[in-house]
Amino acid sequence: MKTKELSAIHLNGIIILFLILIPIINTYAEVLDADAAAILIADQGNEVVIPNTYTTISHNAFLGSGLTSVIIPDSVTTIGVGAFANTQLSSVEIPDSVTTIGDYAFSSCSDLTAVTIGILVTTISYATFLGSGLTSVIIPDSVTTIGSRAFYDCADLTAIIIGNSVTTISDQAFLGCDSLTSVEIPDSVTFIGDGAFFDLSSLTAVTIQVSEEVGNYPDFSASFDDGVVFLSLIHIS
């Protein structure tokens, strides 16, 4: 009898221990770090499909790898600092589940010509696309802040649509985007940082929308190169 009781106690103890370990195991499984990324590349090559067990792509996860293609599942909510920096990605779709993109996440991706940004992202962080090969980008209406150097030195960027919720375009956000010829600033923008649109040799015209309640548009002269023509001021009722 005692043997059966001891066996039952032992079994219950194992079950309890297993139930305690499950969330711990799951916590580690949800974060795709550099080691897990290396395993994915070893298994799949440089065209990786990230399993939907992951919610976070950790900092520097694929940094400097030969990654040429990635499919990010809609289980992912966070892309960490430098997660895809200096890779050979040519395009990337950031799913609508993602709310946070870290600094330098796609920096120095010179082959990256196209990106789709999900509709829950609120901030384009510091140097997120610095030095990338983007040719055009649509910033969704969910975004309120374009961080410093977010698109710094994207020399091939010819077109950008800034969403209607952006309030802040930070210092040097588009500095060195030599191929931009025109920019339209929506009426939601209340701050443009110093040098945000400096060293844009092709930029000749800027359209700024301002709501009638604001009156005259703010002085953004420190944000643009000398010689840029403010093409028109559109008053939005």
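Going by the structure above, here's the rest.
Residues numbered from 1 in each chain as written. Predicted model: local features only at pLDDT ≥ 70, side-chain atom pairs only at ≥ 80, totals over all residues. Heavy atoms only, no water.

Points about the packing of aromatic side chains
All chains considered together, the criterion is met by seven aromatic pairs. Between the aromatic rings of tyrosine 104 and tyrosine 126, the centroid separation amounts to 5.6 Å while the plane-to-plane angle is 70°, which identifies the pairing as edge-to-face. Taken together, the residues tyrosine 104 in the loop between strand 7 (100-101) and strand 8 (114-116) and tyrosine 126 in the loop between strand 9 (123-124) and strand 10 (136-138) connect sequence positions 22 residues apart. By relative accessible area, tyrosine 104 is classed as partly exposed at 34%. A relative accessible area of 31% means that tyrosine 126 is categorised as partly exposed. Look at phenylalanine 129 and phenylalanine 151: their rings are 5.4 Å apart centre to centre, the planes differ by 15°, and that puts the pair in the stacked class. Of this pair, phenylalanine 129 sits in the loop between strand 9 and strand 10 while phenylalanine 151 sits in the loop between strand 11 (145-146) and strand 12 (159-161); the two residues are 22 residues apart in sequence, bridging distant segments of the chain. (Phe/Tyr/Trp six-rings, centres within 6.5 Å; stacked < 30°, edge-to-face > 60°. Helix = DSSP H or I, 4+ residues; strand = E, 2+ residues; numbered from the N terminus. Buried < 20%, exposed > 50% of the residue type's maximum accessible area, 1.4 Å probe, protein only.)

Here we look at the sheet that holds strand 5 (residues 78-79)
Spatially, four strands are ordered 1-3-5-7 in an open sheet, and the strand pairing comes out parallel. Unpaired on one side and paired on the other, strand 1 (31-32) and strand 7 mark the two borders of the sheet. (Pairing = 2+ DSSP bridges.)

Observations regarding the state of the cysteines
Across all of its chains, the model carries zero disulfides by this definition. With no disulfide partner, cysteine 154 has as its closest neighbouring cysteine sulfur the one in cysteine 177, 5.0 Å distant. (Disulfide = S-S within 2.5 Å.)

A closer look at the environment of alanine 196
If you trace the backbone, alanine 196 turns up in the loop between strand 15 (191-192) and strand 16 (205-211). Since its relative accessible area comes to 0%, alanine 196 is described here as buried. On a C-alpha basis, the gap between alanine 196 and aspartate 171 in space is 4.9 Å, while along the polypeptide they are 25 residues apart.

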